[in-house]
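Observations on the three-dimensional arrangement
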Amino acid sequence: MKQSSSVADLTDELRKEVNRYSPGGKLPSSRALVERFRVSPVTVSRALAQLAAEGLVVTRPGAGAYRARPRTPLAATGDTSWQEVALSADGAADLVPRTVDASGVTVCLAAPPPGVIEFSGGYPHPSLQPEKAMAAALSRAGRRPGAWGRPPLDGLPELREWFARGIGDTVTAADVLITSGGQSALTTALRALAPPGAPVLVESPTYPGMLAIARAAGLRPVPVPVDRDGVRPDLLADAFRATGARVFVCQPLFQNPTGAVLAADRRPEVLRIAREAGAFVVEDDFVRRLPHEDSGPLPRPLAAEDPDGVVVHVCSLTKATSPSFRVGALAARGPVLERLRAIQIVDTFFVPRPLQEAALELVGSPAWPRHQRTLSTELRARRDAMTAGLALRLPELALPHIPSGGYHLWLRLPDGLDEPALQSAALRAGVAFTPGRPYFSAEPTAAHIRLSFAAVSGTEEIAEGLRRLRAACDEALGGPVPQFVRHTPAVL
Ligand SMILES: Cc1ncc(COP(=O)(O)O)c(C=O)c1O
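Below is a summary of the structure that appears in this document. (Residues numbered from 1 in each chain as written. Predicted model: local features only at pLDDT ≥ 70, side-chain atom pairs only at ≥ 80, totals over all residues. Heavy atoms only, no water.)

This part takes up the sheet that holds strand S6 (residues 220–227). Spatially, the eight strands line up as an open sheet ordered S4-S11-S10-S9-S8-S5-S6-S7, and their pairing is mixed. At either margin of the open sheet sits one strand with a lone partner, and together these are strand S4 (176–179) and strand S7 (230–231). The pairing of strand S5 (residues 199–204) with strand S8 (residues 247–250) spans two bridges and is parallel. When the bridges of S8 are listed, leucine 201 appears paired with phenylalanine 248. Of the strands in this sheet, S4, S5, S8, strand S9 (280–284), strand S10 (311–316) and strand S11 (328–331) touch helix H8 (residues 181–193), which is tilted by about 160 degrees from S10. (Pairing = 2+ DSSP bridges. Helix = DSSP H or I, 4+ residues; strand = E, 2+ residues; numbered from the N terminus. Contact = heavy atoms within 4.5 Å. Axes fitted to C-alpha atoms, helices over the stretch in contact; angles between N-to-C directions.)

See the structure below:
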């Protein structure tokens, strides 16, 4: 800690000083800096490395550090407007135009403006991440023999085995490919299973990041409604008949955004309907490692009850660790595995070996089960704080389902309150949420919002966020703006 703050201090000092030297001029020697700032040689070399990374200095081994020569930017002179035409000109050749739109994903990834409470985040707050355990795992991983070598293309065998064990008895390590998180696994699956122009059945509502993947691949998402027991099998069968689709993307556990769990009697139905349609079910098991303390035993993945290779299973470590811990898995049985493997290798080669080694170190450490218990307890406390606060302050927002896993609630807005108006008012009041519209691939059934309780620092922030949301509702509905709103930071 001390070491890293002295590095930061010295870096700041040197950053201020560097302009005094002429471009290309030599900076004082490391020894002189050690003596002058009374820091260790390691601190000096880390500070210089930081400045080199920023492009302010150039270090030459054995010779010293020099002020970098300024780069002459060319960008301002060019004219990039031709790209507008180029990027759209060949749309006519596409059966279904590809739409590349990252907004559905960035809304969960982007940090909100300073001072704004984040009910929009899709990942746990840093205080809920196993930061120490991840750091220790990464450092142990870096020292493993061969850590920087090329990994087997399908992933480290022990990590594939670990994921296979978590899925169920029908799956072995040989059926698993290690991926760069769930997003990349979904991209591989959709590209492997459906050609451009094909329909793909999706739950409605569903994760906008998956709709973005489908559209970017030129697929046509066709919505199949979800109720509190998950996707409706009668409508799923109709949708297969009407479209001839060969793929259905499903989140059977704590669905994003509704939190629904596919009911026990629907699970075999979904598999049977897909099997009869000759179609694959892509099972996005994204929050299996985020049960709340009171969840009870979880239903197994659909893949564990699928002898015929209908299910292509997707899972990831990110939601229980950090968005940067981009390690996930695809599991499938039968010839489809070869197709998935080929797409993944063509697109990305493989997941960096140090990260795979770190994943193995992390999930094998005693800290991992401890972290999972803490996460379950914390998520439950936050969910309870949010549901209680909503009932007290915002009773007009309908909450049809309180999930026992995952990190968010899905609320229906009352008539007369629309999503854009509420979103703008909320940002002015200092709270960010995710509007419901992007979760529907076609016309939405009603106005909704999704509130995440994992990305905030704790229950106090939840209470404050809900106070701000109350003020935003009043403003959007045209009511009086309560006194306390004037004291919250005005943002936008
Ligand atoms: C339903 C669902 N699937 C997959 C993902 C992708 O997550 P990651 O790539 O971090 O594993 C997300 C992220 O928000 C999600 O909500």
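Here we take up the nonpolar core. Counting residues in each nonpolar core, the largest one holds 85 residues, and the members touching the most others are Phe119, Phe163 and Leu451. In this structure leucine 451 touches Phe119, Met386, Leu390, Tyr407, His408, Leu409, Leu411, Phe433, Leu466 and Leu469, once residues within four positions along its chain are discounted. Counting residues in hydrophobic clusters, the runner-up holds 29 residues, among them Leu190, Ala198, Val200 and Leu337. (Core = buried A, V, L, I, M, F, W, Y, C linked by side-chain atoms within 4.5 Å. Buried < 20%, exposed > 50% of the residue type's maximum accessible area, 1.4 Å probe, protein only.)

Further remarks concern the layout of surface pockets. If a probe as big as a water molecule is rolled over the atoms, it shows which places are left empty. In this structure, the largest pocket occupies an estimated 370 Å³ of space. Of all the secondary structure elements, the ones that give two or more residues to the lining of the largest pocket are S6 and strand S12 (408–412). It is S6 that contributes the most residues to the lining of the largest pocket, three residues altogether. Split into classes, the residues belonging to the lining of the largest pocket amount to seven nonpolar, five polar and three charged. (1 Å grid on protein atoms, 1.4 Å probe; cavity = no way out; pocket = protein on both sides within 12 Å on 5 of 7 lines; lining within 4 Å. Points joined across faces, edges and corners; volume = space filled by probe spheres on them. Nonpolar A, V, L, I, M, F, W, Y, C, P; charged D, E, K, R; others polar.)

Look at the link from serine 204 to proline 205: it is a cis peptide, with omega at 0 degrees. With respect to the helices, strands and loops of the structure, proline 205 is situated in the loop between S5 and helix H9 (208–216). For the peptide bond that leads from asparagine 256 to proline 257, omega is 20 degrees, which places it in the cis range. Position of proline 257 relative to the elements: it lies in the loop between S8 and helix H11 (266–276). In the Ramachandran plot, arginine 38 falls in the positive-phi region, its phi being about 55 degrees despite a non-glycine side chain. With respect to the element layout, arginine 38 can be found in the loop between helix H2 (30–37) and helix H3 (41–53).

Further remarks concern the pattern of salt bridges. One pass over the full model with this rule turns up 33 salt bridges. Among the salt bridges present, the one from arginine 140 reaches glutamate 361, with a minimum N-O distance of 2.8 Å. One end of the pair, arginine 140, is in helix H6 (residues 131–143); the other, glutamate 361, is in helix H13 (residues 353–363), and 221 residues separate them in sequence. Judged by its relative accessible area of 16%, glutamate 361 is buried. Linking glutamate 305 and arginine 300 is a salt bridge whose minimum nitrogen-to-oxygen distance equals 3.6 Å. (Salt bridge = Lys/Arg side-chain N within 4 Å of Asp/Glu carboxyl O.)

This brings us to the pairing of strand S15 (residues 448–452). Where burial is concerned, most of S15 is hidden: five out of the five residues are buried. Side-chain alternation along S15 places His448, Arg450 and Ser452 on one buried face and Ile449 and Leu451 on a second face that is also buried. By the bridge criterion, five bridges tie S12 to S15 in an arrangement that is antiparallel. When the sheet's bridge partners are listed, histidine 408 is paired in S15 with serine 452. Alignment of strand S14 (residues 434–435) against S15, held across two bridges, turns out to be antiparallel. Residue threonine 434 lies in a different strand from S15, and its bridge partner there is arginine 450.

Among the 15 residues in the neighbourhood of the ligand, the closest are listed as Tyr123, Asp284, Ser316, Lys319 and Arg326. Within the backbone of glycine 182, an N or O atom sits 2.7 Å from an oxygen atom of the ligand. Within the backbone of glutamine 183, a nitrogen or oxygen atom sits 2.8 Å from an oxygen atom of the ligand. In isolation the ligand offers 400 Å² of accessible surface; the protein chains occlude 98% of this area. With respect to the pocket detection grid, the ligand is positioned in the second largest pocket. Ranked by residue count, the leading element in the shell around the ligand is H8, at four residues. (Near = heavy atom within 4 Å. Polar contact = N/O pair within 3.5 Å; in protein donor to acceptor, adjacent residues only side chain to side chain. Areas by Shrake-Rupley, 256 points an atom, 1.4 Å probe, with all protein chains shown as cover. Sits in = over half its atoms within 2 Å of the grid points.)

The next thing to look at is the sheet that holds S14. The strand order S12-S15-S14 describes an open sheet built from three strands, whose pairing is antiparallel. Looking along the sheet, the strands with just one partner apiece sit at the ends: S12 and S14.

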